[in-house]
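Structural characterization, general
Chain residues, written in single-letter form:
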Amino acid sequence: MGDDSEWLKLPVDQKCEHKLWKARLSGYEEALKIFQKIKDEKSPEWSKFLGLIKKFVTDSNAVVQLKGLEAALVYVENAHVAGKTTGEVVSGVVSKVFNQPKAKAKELGIEICLMYIEIEKGEAVQEELLKGLDNKNPKIIVACIETLRKALSEFGSRIILLKPIIKVLPKLFESREKAVRDEAKLIAVEIYRWIRDALRPPLQNINSVQLKELEEEWVKLPTGAPKPTRFLRSQQELEAKLEQQQSSGGDAEGGGDDGDEVPQIDAYELLEAVEILSKLPKDFYDKIEAKKWQERKEALEAVEVLVKNPKLEAGDYADLVKALKKVVGKDTNVMLVALAAKCLTSLAVGLRKKFGQYAGHVVPTILEKFKEKKPQVVQALQEAIDAIFLTTTLQNISEDVLAVMDNKNPTIKQQTSLFIARSFRHCTASTLPKSLLKPFCAALLKHINDSAPEVRDAAFEALGTALKVVGEKAVNPFLADVDKLKLDRIKECSEKVELVHGKKAGLATDKKEFKPVPGRTATSGAAGDKDTKDVSAPKPGPLKKAPTAKAGGPPKKGKPTAPGGSGNTGTKSKKGMETKEIVEPELSIEVCEEKASAVLPPTCIQLLDSSNWKERLACMEEFQKAVELMDRTEMPCQALVRMLAKKPGWKETNFQVMQMKLHIVALIAQKGNFSKTSAQIVLDGLVDKIGDVKCGNNAKEAMTAMAEACMLPWTAEQVMSMAFSQKNPKNQSETLNWLSNAIKEFGFSGLNVKAFISNVKTALAATNPAVRTSAITLLGVMYLYVGPSLRMFFEDEKPALLSQIDAEFEKMQGQSPPAPARGLSKHCTGGPEEGEDGDEPDDGGNDVVDLLPRTEISDKITSELVSKIGDKNWKIRKEGLDEVAGIINEAKFIQPNIGELPIALKGRLNDSNKILVQQTLNILQQLAVAMGPNIKQHVKNLGIPIITVLGDSKNNVRAAALATVNAWAEQTGMREWLEGEDLSEELKKENPFLRQELLGWLAEKLPALRSTPTDLILCVPHLYSCLEDRNGDVRKKAQDALPFFMMHLGYEKMAKATGKLKPTSKDQVLAMLEKAKANMPAKPAAPAKVTSKPMGGSVPAKFQPASASVEDSVSSTVEAKPDPKKAKVPGVSSKAKSTQGKKVPSKTSLKEDEDKSGPIFIVVPNGKEQRIKDEKGLKVLKWNFTTPRDEYIEQLKTQMSSCVAKWLQDEMFHSDFQHHNKALAVMVDHLESEKEGVIGCLDLILKWLTLRFFDTNTSVLMKALEYLKLLFTLLSEEEYHLTENEASSFIPYLILKVGEPKDVIRKDVRAILNRMCLVYPASKMFPFVMEGTKSKNSKQRAECLEELGCLVESYGMNVCQPTPGKALKEIAIHIGDRDNAVRNAALNTIVTVYNVHGDQVFKLIGNLSEKDMSMLEERIKRSAKRPSAAPMKQVEEKPQRSQNATSSTNMLRKGPAEDMSSKLNQARGMSGHPEATQMVRREFQLDLDEIENDNGTVRCEMPELVQHKLDDIFEPVLIPEPKIRAVSPHFDDMHSNTASTINFIISQVASGDINASIQALTQIDEVLRQEDKAEAMSGHIDQFLIATFMQLRLVYNTHMADERLEKNEIIRLYSCIIGNMISLFQIESLAREASTGVLKDLMHGLITLMLDSRIEDLEEGQQVIRSVNLLVVKVLEKSDQTNILSALLVLLQDSLLATASSPKFSELVMKCLWRMVRLLPDTINSINLDRILLDIHIFMKVFPKEKLKQCKSEFPIRTLKTLLHTLCKLKGPKILDHLTMIDNKNESELEAHLCRMMKHSMDQAGSKSEKETEKGASRIDEKSSKAKANDFLAEIFKKIGSKENTKEGLAELYEYKKKYSDADIEPFLRNSSQFFQSYVERGLRVIEMEREGKGRIPTSTGNTNGEEVGPSVYLERLKILRQRCGLDNTKQDDRPPLPSLLSKPTAPPVVSSTDMLHSKLFQLRESREQHPHSEPDSGQTHSGGTVTSSSSANIDDLKKRLERIKSSRK
């Protein structure tokens, strides 16, 4: 029992697997409970049992198994993962459950199977059940059949595939087991319920008794269509809907369902195809030619037996068809004709669509054979042609049928009309468009007037059928001239017609009948059709072939739409005319006079032929008035123009009268209902006058008005023929000119080019040059619309003339035809119906294909030629092919009938001689162009064999075949190729070449299609086998094509198709499908808005007359089909817009223009981030390719669709480069205005530009590079940083272009790379450029190496990635390159590195070959002799930089977070926006002080400092030497020795060696003291001041803390520094050169020194502090006032922000500011107020009022107010004009504050005291009472008494006394001690001396632009840090130092000289050995300051004050 208790403890899943049955039973029971409890179908609990379910159902214990089945059923019903178990569980059920004796088990097993079907696993279940039918156990077979039957009964024939079941039925009926036979009978009855008679053919061979039983059962079945009672999970809501319907008693949907379900199975589909070709009698082809008719009959009878099979296997039936055709056409024995016709019928029925390729050959023969009178022959021929019709489309055979219509034999005419009538019955409104209807109606209308009654009757029937199919509105235009009697007859016939598609002809889809029985005669046809075809279904049946491309998509109710519903592509108004044109009879002159007299004044008619011209003129004026007032309906146009033509008519001699006359004609044409009859009366006269100098224009106006009334095509034709029947050259040239303009105004629609061409040719041959010129101009205009094909008509002209024509065409190239302005409104009065009528354009003459005169070449294709092509000798075959090529060449454009040629050429496609195969392919290419769209009827018999050639092993043959297929597809569209099984059969062939080429072709073509035939699904199984092909290329191509198949078929269908794969393959393919699903492009949208497209990317429906494909309607990647049409595409928009009149589309075009004015880039929030995420998650393809494949382009297109304007996207992805140019031009225009949008879509823009790099067109490339230059400039201005994603998908492709052969392109690319460094770190750019050096293109290698050199030169060695060593080794490899330019570039790059890095380079580049090393050394020697070019470059790059220092402040304030190049900062510095300097957040500032104090261990690795372009400014050397050299041995010729010397001496000032520093300072002092030499310091001031404050900091941090140093040494150094400074700041011109940043740091250093308590303890310390005080005063007075004021404001801001800064420091800074405030009245005019206000604005932004009020001291806020108050007082309201540098000044606190102040000062003009101005303490009012004054004084004395505010109190008291001289302060002093009284007096005296004893300072006229700190400041500091870390210490002797470059006095210096920095290195090396002071001045990174000074006269007071300061510090 121990075992029992053990299993009880186990978890459920382990129990289920236990060996004890009890344990399992318990486990299953518990599992069942668990399953019932789990509510969430996606709960992880389900997965635990995934592997156990099979065990549940296959348990060996019957009792346990029952419980297991129950649990399994619940699991399958509720678990979302259950589907994974289908195969194993169902197979378990079949083998282990269906054989159980218990009925319960079997029921549960069946339920489980049905549940799996419900959860969408029907195919897998069915597969297992069908396998079960092969089991030996009859119980299992019966259960499987029963399960299938139940499944079919419940789910219907949609879910359960019947074909495999029907296949096994006959076998089941033969079973020995009765139970099996009975069950088979039941399922056969169930199947019959679903598909009715389609089941009969497959079961025709079973036992007759069984069949009889079945028949009996079938009869009992209800006739209603069955409906499924159970639904898949995905259809559950449908079930609910059905129940709802049943409950409401309605069965409205029944019909729909019925339609949906029944045609699912076609009997044909259920049949097995039979192969008959091999079974033909061996002597068949001989016998069929035999002379004895009996032998021929035998041969035919043998064939008849074979073709009787209802389904035939596809094969090459060409020879058989040819033989049968010959019998039908030429055999004299009518019995054999009938027999051959029957054979053809059976062939057509058995092959269905596969017979379509032969239809074109047979139809003409059969139609012509209708001349036979014998009924049995006629019937056989009718059956044959009807069966053949079902295998093709009316479109394809229309040419042949129409050709026969003109036959003289009435029987042929009759039978052809009857055939047309029967064919029409199978059509719908969509498959019978006007383009097809028009020629048929025209032919039939001739027949209704035929003398033979049977011909007339047949024609009436055909027209009646057409009327029934497409409706009256579509047919009426063609019946305009039919009299009422005949019209009634047509309508009568129409009512009798029964359509195949029932009454809804216009709506039904084009589904051909599926019954294979063809027997139909003219009379019985309709009835037969009706019987067989009760229902129509949306699923296109196997015979569907839509003949015309309806570019508008699916048909709408009886009203097919053309593209975008605007089928009015130019012919609309023409049709309008035809619909409502009044065919006016010609009236006699008497009637005309009568009608005219009714509307014209009597005098007018009398004076018409007066001999006095004045009377005639007066008469014309009256005539005109009368016409103007007449109503359209009342105007007798013909009568009026007849009156005008009355003598003298058009022979009028007076030009004034003539002008009036012509004007009246124009008026009548415009205002009246003007008919062609009226026009003909006057046209002759107008043409005669068109050349008249005075009347010509009026004649043209009248002609234009007529063209509007009677349509341009008709008018133009009349005018041209009249003009060229005259001999007057002036008239001819003017007529041509008029026509040129008219075409532009009216558009080209409907014009008959053929008619013009002969006239134009006449004109071109004219002797008069004006006529020739006009003809050429007209050709130019026609070229706009017709395109290049126009030239073909004139190829035989003289070369000189042809060159003129070509020049004219060249001019027109790229232009789009103007939108038609005329011909729109006149005929739109027909109201809305008319507009709809225009929706389907008729096949206007506008279609270029119709314009071309096509030659009939069939007579040239003789049997001799055909036999030549098939000859055994290859030379003769070649001759034959040459002849064919010659025939086609000569004919240029040919008719589709080419006789036996297709069969002959097809044979040559598999010729053993490859040269002939290629020649054949070339001929087929020619043929496609020559035949145009009509080539599509040869797709099946010639096109598909071309595809077979794609499997050829020779590359060139495959290429030729692909070119040919493309040429064909261009003409035919893709539908013809995709229909039927031909393509899938090709793909089935296991030829790797064929597969990869074919899949590549499909991947290229499919994306552009908007819809595909359903037959595409047939290719999918073969596509899946290609995915697993052994050949890698095939697999790759199959993967590429997968998304495009899915785009058309949908994921569901594709996934369903994997059902037949092996499990392993299935998983792999499903994974690929998932991946493809993510990349699946959207289908091209229906061209709904074509009308309004500015440059039609679509071809109107009319341009696709014979194609069912729509692929070219939208996507321009596939060009319009017929070659000549290509050029028409641009014309679409204009035509589409024309002739729309009052209909909406005219608005649409307007709207589209508005759209163009909107933004071109739409900002999608987080769009870019999402795209990056998708790319990382591999949801989309990574942008990485050698050449861009279509899927990349499609992906980009899809991604762009959400964020780029549609019209721009169309331009960007157009196939024509000129559209790309337009797109780039638009993008350039919008660059500035749409910065955000551009940045938001930047990744996509850059990707699109990479595609342009692969274009071959230079103009696009140049334009793209131009755009990129502007783009990167913008990005750098916006301080944007490229993301990694953007960089990696753009830079590699840009670098490819650096190797372009054209210099100008290379130069642009280099410029772009240079600019990119401003938005992308140079160190990251380096690897990309390095990758570019590996290219095969030597130019690219050389340019990349040069670029690397520039990067190193500009940014130092740190850009070398991954390490300088590896990078240099890579570069050095190229020294041995074959190409000279590459070698030079490599050498130059390494020399550049050498110049930066010295001898260390040799270590880094590793071992070089001797030859390479010697080349390198030689080059280095040579470069040493030349002065370095780098600094020069720098100078050129930044010439006029007055704001010299701004950039480096920006640079350092930006901090390490951003990697900016100094060029960017320079650009910003120039833009004059120093605010950036103040705005950097504290955490991003680089605290150099902190770093400098860190003198600890020397780190080996440089910290990741920001890569600034420092090396342009200095180039360090390797090993420092202690010896000091006055001047470096080498000099740059450009600069004087003095400058170099000064640089060097200044560099010594910051030396760590005190003596060296003192020595340098002494030398500088000497220079400064001598007036004539002091000027030499100009340009070096910033440099000197930087060195000085660095020395100050060194002393403060290092020397003062050094115990070993003598303190008097330090005092000596301080004295030198301060003495030097005082000397410097006495020379105003030099003092003003100090820039803001430098002054700030200097003041910081000086104030820090004043507050250094350690100095005060020294003997001489007090003296030092006094000197500093004096120096500070000098600095404040003598510096550039803008710079110093700005520096103090920044310093104050920094000191208040710094937590470590002492309050005393800030106080001293503020005192300096007060001092400046006092100087303001004198200096205000020299100050750049804008910059100061900007600084104050930034200060207020950092310290808003609330924050300032929180400060412990109120000084800061008072200081600020004082400063502002003073500025306001001095400038008045004008101060508000100085806020120009503040962005968003409306949000600025400063502006608000100034406005308040101004208002206040207005209110109390002049009432403020000077004291208030200075201190900002507005407490005293002049009007205040005495009591108030006493309070105020009490407060002042209180302040003086307090320790902290004593000075401020004294100052306030001084001000008060000065203001109120009579004020009595005695009472306040009286109460205090004697000491306090004397203190106050002494203090007041000191203040008085300070304020009064000083002379005025002359105003500074220095640089008022104001500068920020220069790069030099930070370079010095960075240099020191680098030195400390042991980097870049260079020998001074090795190379010349670079003297200062900006030593010209005009521009203040930016860069400190390199010499100075060399020497700094020595000092720093020494400083490294000393210990840092423990108090780093971390908080004051950017500060400096001063204190109010006292004159040297009052030293005692000064001492006391200093003591006070000391004590307060303690």
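Residues numbered from 1 in each chain as written. Predicted model: local features only at pLDDT ≥ 70, side-chain atom pairs only at ≥ 80, totals over all residues. Heavy atoms only, no water.

Each helix and strand counted, the chain has 102 helices and zero strands in total. The proportion of buried residues among the 2010 residues of the chain is 58%. Sequence separation of 24 or more characterises 78% of the internal contacts of the chain that already satisfy a separation of 6 or more. (Helix = DSSP H or I, 4+ residues; strand = E, 2+ residues; numbered from the N terminus. Buried < 20%, exposed > 50% of the residue type's maximum accessible area, 1.4 Å probe, protein only. Contact = heavy atoms within 4.5 Å.)

Moving on, we get to the pattern of salt bridges. A side chain with one charge can pair with a side chain of the opposite charge if their charged atoms come near. Tallied over the full model, the rule gives 74 salt bridges. In this structure, Lys353 and Asp1015 form a salt bridge, with 3.0 Å as the shortest nitrogen-oxygen distance. Residue Lys353 is found in the loop between helix H19 (334–351) and helix H20 (356–369), and its partner Asp1015 is found in the loop between helix H52 (992–1005) and helix H53 (1020–1027); the two are separated by 662 residues along the sequence. Here the two residues Lys353 and Asp1015 agree in accessibility, since each one is buried. The partner of Lys1036 in a salt bridge is Asp1040, and the shortest N-O contact between them spans 2.9 Å. (Salt bridge = Lys/Arg side-chain N within 4 Å of Asp/Glu carboxyl O.)

Counting 102 residues, the largest nonpolar core has Phe1625 and Ile1736 as its most contacted members. If one sorts the elements of this core by residue count, helix H90 (residues 1703–1723) sits on top with eleven residues. Non-local contacts of Phe1625, meaning those with residues more than four positions away in its chain, are made with Leu1585, Ala1631, Leu1639, Leu1642, Leu1671, Lys1674, Val1675, Lys1678 and Ser1679. (Core = buried A, V, L, I, M, F, W, Y, C linked by side-chain atoms within 4.5 Å.)

In this chain, Gln1361 is followed by Pro1362 through a cis amide linkage whose omega measures -5°. Tracing the backbone through its elements, the reader meets Pro1362 in the loop between helix H70 (1338–1355) and helix H71 (1364–1373). Positive phi, normally seen in glycine, also occurs at Glu120, with a value near 75°. Take Glu120: it is sitting in helix H8 (residues 103–132).

This part is about the confidence of the model for the chain. Any region with low pLDDT has predicted coordinates that should not be read closely. Counting all residues, the mean pLDDT for the chain is 75, and 76% of those residues have values of 70 or more. Here residues 1969–1993 is a poorly scored stretch, pLDDT under 50, and it has 102 contacts once near neighbours within four places are set aside; other chains count. (pLDDT = per-residue confidence, 0-100.)

When you line up the elements, Leu487 lands in helix H27 (residues 484–496). Distance from Leu487 to Phe460, taken between C-alpha atoms, is 9.1 Å for residues 27 residues apart in sequence. Dropping the residues within four chain positions of it, Leu487 is found in contact with Leu479 and Val482.

Our next topic: helix H45 (residues 874–891). The first and last C-alpha atoms of H45 sit 26 Å apart over 18 residues, in line with the 26 Å expected at 1.5 Å per residue. When we look at burial in H45, the residues that qualify are Arg877, Gly880, Leu881, Val884, Ala885, Ile887, Ile888 and Ala891. Down the axis of H45, the smallest arc covering the buried residues is 160°, so these residues share one side. Structural note: H45 exposes Lys875, Asn889 and Glu890 on the side pointing more than 90 degrees away from its buried face. Contacts from the buried residues of H45 go to helix H44 (863–869), helix H46 (901–909) and helix H47 (914–931). The N-capping residue of H45, defined by a side-chain oxygen 2.8 Å from the backbone nitrogen of Lys875, is Asn873. One or two steps after H45, the chain reaches Lys892, where phi turns positive at roughly 65°. (Expected span 1.5 Å × (residues − 1). Arc of directions from axis to C-beta. Polar contact = N/O pair within 3.5 Å; in protein donor to acceptor, adjacent residues only side chain to side chain.)

The subject of this paragraph is the packing of aromatic side chains. Note on aromatic pairs: each is described by the distance of the centres and the angle between the planes. Evaluation of the coordinates by the stated rule reveals 23 aromatic pairs. Taking the centre distance of 5.4 Å and the plane angle of 35° together, the rings of Phe35 and Trp46 count as tilted. Taken as a pair, Phe35 in helix H3 (residues 21–37) and Trp46 in helix H4 (residues 45–48) lie far apart in primary sequence, eleven residues in all. Using a relative accessible area of 0% as the deciding quantity, one classes Trp46 as buried. Taken together, the ring pairs connect Tyr28, Phe35, Trp46, Phe49, Phe56 and Tyr75 into an aromatic cluster. Its guanidinium or amino end placed over the ring of Phe655, Lys694 lies 4.3 Å from that ring's centre, counting from NZ or CZ. (Phe/Tyr/Trp six-rings, centres within 6.5 Å; stacked < 30°, edge-to-face > 60°. Lys NZ or Arg CZ within 6 Å of the ring centre and 35° of its normal.)

Quick look at the packing of helix H35 (residues 676–689) against helix H36 (residues 696–710) now. Direction vectors running N to C along H35 and H36 enclose 155°, while the axes themselves pass 10 Å from each other. Relative to H36, H35 is oriented roughly antiparallel. Handedness of the H35/H36 crossing: left-handed. Residues Lys676, Ala679, Val682, Leu683, Leu686 and Lys689 of H35 form the contact with H36, whose participating residues are Gly696, Ala699, Ala702, Met703, Met706 and Cys710. A breakdown of the residues in the contact of H35 with H36 according to their chemical character gives nine nonpolar, one polar and two charged. (Axes fitted to C-alpha atoms, helices over the stretch in contact; angles between N-to-C directions. Parallel < 35°, antiparallel > 145°, perpendicular 65-115°, else oblique. Left-handed = near helix turned anticlockwise from the far one by under 90°. Nonpolar A, V, L, I, M, F, W, Y, C, P; charged D, E, K, R; others polar.)

Moving on, we get to the side chain of Gln1209. With respect to the helices and strands, Gln1209 occurs in helix H61 (residues 1206–1212). Given the relative accessible area of 7%, Gln1209 is considered buried.

Here we come to the packing of H47 against helix H48 (residues 939–949). As a packed pair, H47 and H48 sit with axes 12 Å apart at the nearest point and diverge in direction by 140°. It follows that H47 is oblique to H48 by the angle criterion. Considering how the two elements wind past one another, H47 and H48 form a crossing that is left-handed. Two secondary-structure elements touch here, H47 through Val917, Leu921, Leu924 and Leu927 and H48 through Leu942, Ile946 and Val949. Along the lines of polarity and charge, the residues of the contact of H47 with H48 split into seven nonpolar, no polar and no charged.

An α-helical segment advances 3.6 residues per turn. Residues three or four places apart therefore align on the same side. Spanning 18 residues, helix H88 (residues 1661–1678) covers 26 Å between terminal C-alpha atoms, matching the ideal 26 Å at 1.5 Å per step. When you tally the buried positions in H88, you get 15 out of 18 residues, the bulk of the element.

A few words on the environment of Leu1242. The topology assignment puts Leu1242 in helix H64 (residues 1242–1253). Once the C-alpha coordinates of Leu1242 and Leu1282 are considered, the two residues, 40 residues apart in sequence, prove to be 8.9 Å apart. Those residues within four positions of Leu1242 in sequence are excluded, and the remaining contacts are Lys1168, Leu1271, Leu1275, Tyr1280, Leu1282 and Glu1286.

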